[in-house]
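# Architecture at a glance
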Amino acid sequence: GENVEQHPSTLSVQEGDSAVIKCTYSDSASNYFPWYKQELGKGPQLIIDIRSNVGEKKDQRIAVTLNKTAKHFSLHITETQPEDSAVYFCAASQETSGSRLTFGEGTQLTVNP
Amino acid sequence: KAGVTQTPRYLIKTRGQQVTLSCSPISGHRSVSWYQQTPGQGLQFLFEYFSETQRNKGNFPGRFSGRQFSNSRSEMNVSTLELGDSALYLCASSFATGGTEAFFGQGTRLTVV
């Protein structure tokens, strides 16, 4: 089955700096890659996603890149703010597996004011 | 538009008991997936229901089961509870099955004592 690895497990940045979280996946059939943000006591919140026919997607301060050949994808957050502090999860899925998502282990992002 | 609603938010059960958790998806969504979240294992897929049929199943024992009703609401049941079943159980709602956005509820925190 699919395996997703996520790095780093913790990331601490100063407010205004950029943050990058990287994930690799094992199954070349995976074609949908969402990113979630989870704050304490809440469920994961979808923040951005990318499909295998696209190499990059951007939404304001957040961007995701996908390299299908290398089977890795990354989340980029620019101009970080204290409210960006949370746990971020990457995930992968393939259409033939329905809505099943395989998640990475998570990255605890701390933005210091 | 109301989000994904999970009830109850918190539960305390004794070993050997059984428990039923409920999930109401976003209106119009027909796919409901369930995940278990623990500090040690992360987010793990339990099963997905689409149009009242189990679409996919994760690697969990038969004590974990679920169902979906005609209004797309879903329940999951865990029988003969074990201490290791203590976790945050999350429900995700999608419009369709396979490579579509999944939106999570707040989760049900189950503690087995």
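What counts and how
- Residues numbered from 1 in each chain as written.
- Chains lettered and ligands numbered in written order.
- Predicted model: local features only at pLDDT ≥ 70, side-chain atom pairs only at ≥ 80, totals over all residues.
- Heavy atoms only, no water.
- Salt bridge = Lys/Arg side-chain N within 4 Å of Asp/Glu carboxyl O.
- Helix = DSSP H or I, 4+ residues; strand = E, 2+ residues; numbered from the N terminus.
- Buried < 20%, exposed > 50% of the residue type's maximum accessible area, 1.4 Å probe, protein only.
- Pairing = 2+ DSSP bridges.
- Axes fitted to C-alpha atoms, helices over the stretch in contact; angles between N-to-C directions.

### So, the pattern of salt bridges
For the coordinates displayed, the defined rule picks out 8 salt bridges over all chains. Residue A:Asp84 is joined to A:Arg61 by a salt bridge in which the shortest nitrogen-to-oxygen separation is 2.9 Å. Here A:Arg61 lies in the loop between strand S6 (56-59) and strand S7 (62-67) and A:Asp84 lies in the loop between strand S8 (72-77) and strand S9 (86-92), a separation of 23 residues in the sequence. Across the salt bridge formed by B:Asp85 and B:Arg63, the nearest N and O atoms sit 2.8 Å from each other. Here B:Asp85 is found in the loop between strand S8 (74-78) and strand S9 (87-94), whereas its partner B:Arg63 is found in the loop between strand S6 (53-57) and strand S7 (64-68), with 22 residues between them in sequence. What makes B:Asp85 buried here is its relative accessible area of 4%. Each of A:Lys37, A:Glu39 and A:Lys42 takes part in a single network of salt bridges with overlapping partners.

### A closer look at the sheet that holds S7(B)
Residue and element names in this part refer to chain B. With respect to topology, 4 strands assemble into an open sheet ordered S1-S3-S8-S7, the strand pairing being antiparallel. Taken across any chain shown, the strands that pair with only one partner, and hence form the sheet edges, are strand S1 (5-7) and S7. In this sheet, neighbouring strand axes are inclined to one another by 20° on average, regardless of whether the strands run parallel or antiparallel. Of the strand pairs in this sheet, strand S3 (residues 19-24) and S8 are connected by 5 bridges, and their pairing is antiparallel.

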